[in-house]
Amino acid sequence: MNNITLATISKGEPNQPYYCFAEFKKSLKDFPITWLDTSDYTGLSCRPRIFHNAIKSGIINTEYCILCDSWDLVFIDTPEQIIERFMLMKCDVVISAERNSFPLDYKDEFDKLPFTKSYKYLNCGVIVGKTESVRKMFEDMDTDNIPRDTYDEVKGWNYPNEQSFYQASFLRQPVSIKLDYNQEITWCLHDVGVNELGYAQGRIYNNETVSFPSIAHFNRGAKTSGVREPILEHLKLTLSSMKLGKIEAIHDFYLKMFYLNKKISSNLNYDLILIDE
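Residues numbered from 1 in each chain as written. Predicted model: local features only at pLDDT ≥ 70, side-chain atom pairs only at ≥ 80, totals over all residues. Heavy atoms only, no water.

Q: I'm lost on the pairing of strand 5 (residues 93–98) in this one. Help?
A: In summary, the side chains of a regular strand alternate between the two faces of the sheet. Within strand 5, 6 of the 6 residues are buried, which leaves the element mostly enclosed by the surrounding structure. As paired elements, strand 5 and strand 6 (residues 121–130) share 6 bridges and run antiparallel to each other. Residue pairing for strand 6: Glu-98 is matched across the bridge by Tyr-121. As paired strands, strand 5 and strand 9 (residues 177–179) are joined by 3 bridges and run parallel to one another. Looking at the pairing, Ile-95 lines up with Leu-179 of strand 9. (Buried < 20%, exposed > 50% of the residue type's maximum accessible area, 1.4 Å probe, protein only. Helix = DSSP H or I, 4+ residues; strand = E, 2+ residues; numbered from the N terminus. Pairing = 2+ DSSP bridges.)

Q: Looking at this structure, how should I read the packing of aromatic side chains?
A: Each aromatic ring pair is described using two quantities: the centre-to-centre distance and the angle formed by the ring planes. A complete count under the given rule lists 11 aromatic pairs for this structure. Between Phe-24 and Phe-75, the ring centres sit 6.1 Å apart and the planes meet at 55 degrees, which makes this aromatic pair tilted. Placement of Phe-24 in helix 1 (residues 21–27) and of Phe-75 in strand 4 (residues 73–75) is noted, with a sequence separation of 51 residues between them. Across this residue pair, the class does not change: Phe-24 and Phe-75 are buried. Three or more aromatic residues link up through ring pairs in this structure, and these residues are Phe-21, Phe-24, Trp-35 and Phe-75. Lying across the ring of Phe-102, Arg-220 places its NZ or CZ 4.5 Å from the centre. (Phe/Tyr/Trp six-rings, centres within 6.5 Å; stacked < 30°, edge-to-face > 60°. Lys NZ or Arg CZ within 6 Å of the ring centre and 35° of its normal.)

Q: I'm lost on the environment of Asn-145 in this one. Help?
A: Within the secondary structure layout, Asn-145 lies in the loop between helix 5 (131–141) and strand 7 (150–152). Relative accessible area serves as the criterion here: at 57%, Asn-145 is assigned to the exposed category. As a C-alpha pair, Asn-145 and Cys-46 span 99 residues in sequence and 10.0 Å in three-dimensional space. Of note is the side chain of Asn-145, whose polar atom sits 2.9 Å from the side chain of Asp-142. (Polar contact = N/O pair within 3.5 Å; in protein donor to acceptor, adjacent residues only side chain to side chain.)

Q: Explain the sheet that holds strand 5 here, please?
A: Within a beta sheet, neighbouring strands are joined by backbone hydrogen bonds and run either parallel or antiparallel to one another. Strand order in the open sheet made by the 6 strands is 2-1-3-6-5-9, with mixed pairing throughout. Edge positions in the sheet fall to strand 2 (34–35) and strand 9, since each has one partner strand and no second. Pairing of strand 1 (residues 4–8) with strand 3 (residues 64–68), which is carried by 5 bridges, proceeds in the parallel orientation. What sits directly across from Ile-4, in strand 3, is Tyr-64. Contacts from helix 3 (residues 79–88) reach strand 1, strand 3, strand 5 and strand 6 within the one sheet, and its direction differs from that of strand 3 by about 110 degrees. (Contact = heavy atoms within 4.5 Å. Axes fitted to C-alpha atoms, helices over the stretch in contact; angles between N-to-C directions.)

Q: Quick question: what am I supposed to make of the sheet that holds strand 4 here?
A: The 3 strands lie next to each other as 4-13-10, forming an open sheet whose pairing is mixed. Strands at the two margins of the open sheet, each flanked by one partner only, are strand 4 and strand 10 (186–188). Going from strand to strand, the sheet's axes swing by 15 degrees on average, the running direction of each strand aside. Judged from the 3 bridges that link them, strand 10 and strand 13 (residues 215–217) form a sheet pairing that is parallel. Bridge pairing in strand 13 places Cys-188 opposite His-217.

Quick look at the structure:
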């Protein structure tokens with residue numbers, strides 16, 4: 001589809017091992033990524049304004065758009081397949097949902113909504129929608145006036161939370177906005193245990209929502225909880241990134257590559273090989 005823009009914001013490249021920036025890029029294969037200008041970036045609260053300006057200036061000018069994080073998520077389906085899923089949801093904008101309310105500003109209001117699963121709180125890591133409707137949502141959020149990170153000599157740093165502004169707009173419904181309660185598009189994996197992961201047909205399966213999500217989002221604690229590694233391995237993103245030199249290769253990589261190379265491993269005249277780390 002030529003009517004989809006996938007846009008993200010990245011202030012440099014992360015070097016912490018719990019991120020999956022290389023795998024994010026790998027997972028999109030040849031689909032073009034629109035990297036938005038970060039020269040005016042001072043913190044997470046700037047992101048709604050940067051996305052909004054990209055639409056207003058025509059950088060994002062397609063019928064549909066996918067606005068997403070890039071450091072802690074990977075795509076399982078193509079953007080085209082994601083838009084097909086979005087269209088079946090019969091709304092203007094779909095925003096991810098997670099199990100925890102962060103921040104707590106509107107938790108009581110979200111608890112009163114007719115949610116269908118345990119993923120009942122807004123997570124702005126992935127936004128999918130009709131571009132014009134997304135623009136109207138950002139206008140409702142008044143993105144130009146969302147406070148930036150500020151420092152006070154007495155109080156210290158103040159970090160406004162962008163999700164609070166998304167939460168408020170969702171509750172106002174300036175256009176038809178739905179939360180992805182069933183994790184059809186994005187599985188937000190914070191507070192999800194390894195025992196909840198399902199694997200079938202080369203994909204990741206959500207046992208609670210009975211869905212095959214299109215995106216795996218390792219938000220917050222999911223980066224180090226143990227769910228990240230088996231998912232990336234199942235999707236074969238870790239080995240390929242190591243092979244291409246996009247991330248550092250660990251000793252386990254060489255063992256797996258040796259095991260997978262049947263031509264080499266079957267022609268060695270040994271019964272047992274010991275590996276010293």
